[in-house]
Amino acid sequence: VETSQKGRPNTVKPACLLGVQLPEFELKDMDGNPINANNIKGKINVIDFWFIKCRPCVAEIPDLNTLVEKYNSQD
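Please read all numbers here as calculations on a predicted model, not as lab measurements.

## Some points on the overall build of the chain
For the chain, the count of helices and strands is three helices and two strands. When the helices and strands of the chain are placed in sequence order, the string is β-β-α-α-α. Within the chain, the proportion of its 75 residues that are buried is 8%. Carbon together with sulfur atoms contributes 56% to the accessible area of the chain, which is approximately 6,800 Å² in total.

Next comes the structure, spelled out in C-alpha cells:
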C-alpha cells in the first residue's frame, strides 16, 4: 500500500488507473454544471466521490488540494 504525503495509506495505487478509458457518464459539479466523459477528455482528471461526514474522505482533502496546486497550470 502506498502512502500519501501526509502518511495516510492510499487504497488505490494511482498508476493502476492511468490510461483506463472512462465509461460514458453525466454528472453535475458542485455549481450544477454538467460534466461528462467528452468534456473532460484529454485533460488531467481526478474523480473522487465522498460524503462530508466521512472522516477518511475529509482527511484526504489536503492531498487533493496538493494535486490541484501541482497540476493547476495544466489543462
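That covers the picture; the talk isn't over yet.
## Remarks on the environment of Asn45
Note on placement: Asn45 falls in the loop between helix 1 (37-40) and helix 2 (55-59). On a C-alpha basis, the gap between Asn45 and Asp75 in space is 9.3 Å, while along the polypeptide they are 30 residues apart.

## A short note on a nonpolar patch on the surface
A cluster of nonpolar side chains, namely Leu22, Leu27, Ile47 and Phe49, defines an oily patch on the protein surface of about 390 Å² accessible area. As for its position among the elements, Ile47 is in the loop between helix 1 and helix 2.

## So, the side chain of Asn36
With respect to the helices and strands, Asn36 occurs in strand 2 (residues 34-36). At a separation of 2.9 Å, a polar atom in the side chain of Asn36 contacts the main-chain amide nitrogen of Asn39.

Definitions and cut-offs
All residue numbers refer to positions counted from 1 along the written sequence of the respective chain. Given that this is a predicted model, residues contribute local features only at a pLDDT of at least 70 and side-chain atom pairs are listed and counted only at 80 or more, while totals for whole chains, interfaces and linings are drawn from all residues. Note: side-chain values were computed over all heavy atoms of the structure, leaving out hydrogens and water. By the criteria applied, helices consist of DSSP H or I runs no shorter than four residues and strands consist of E runs no shorter than two, each listed in order from the N terminus. Three labels apply to residues, based on accessible area from a 1.4 Å probe with only protein chains included: buried if under 20% of the type maximum, exposed if over 50%, partly exposed otherwise in between. Per-residue and other accessible areas were derived by the Shrake-Rupley procedure at a 1.4 Å probe size, with only the shown protein chains allowed to occlude residues. Residues enter a patch when their relative accessible area is above 30% and they make no salt bridge; the linking distance is 9 Å between like charges and 5 Å between nonpolar side chains (Val, Leu, Ile, Met, Phe, Trp, Tyr). We define a salt bridge as a side-chain nitrogen of Lys or Arg found within 4 Å of a carboxyl oxygen belonging to Asp or Glu. Any pair of N or O atoms that falls within 3.5 Å is considered a polar contact. Within protein, one atom must be able to donate a hydrogen and the other to accept it, and sequence-neighbouring residues count only if both atoms are side-chain atoms.

In short, shape yes, function no, at least from these values alone.
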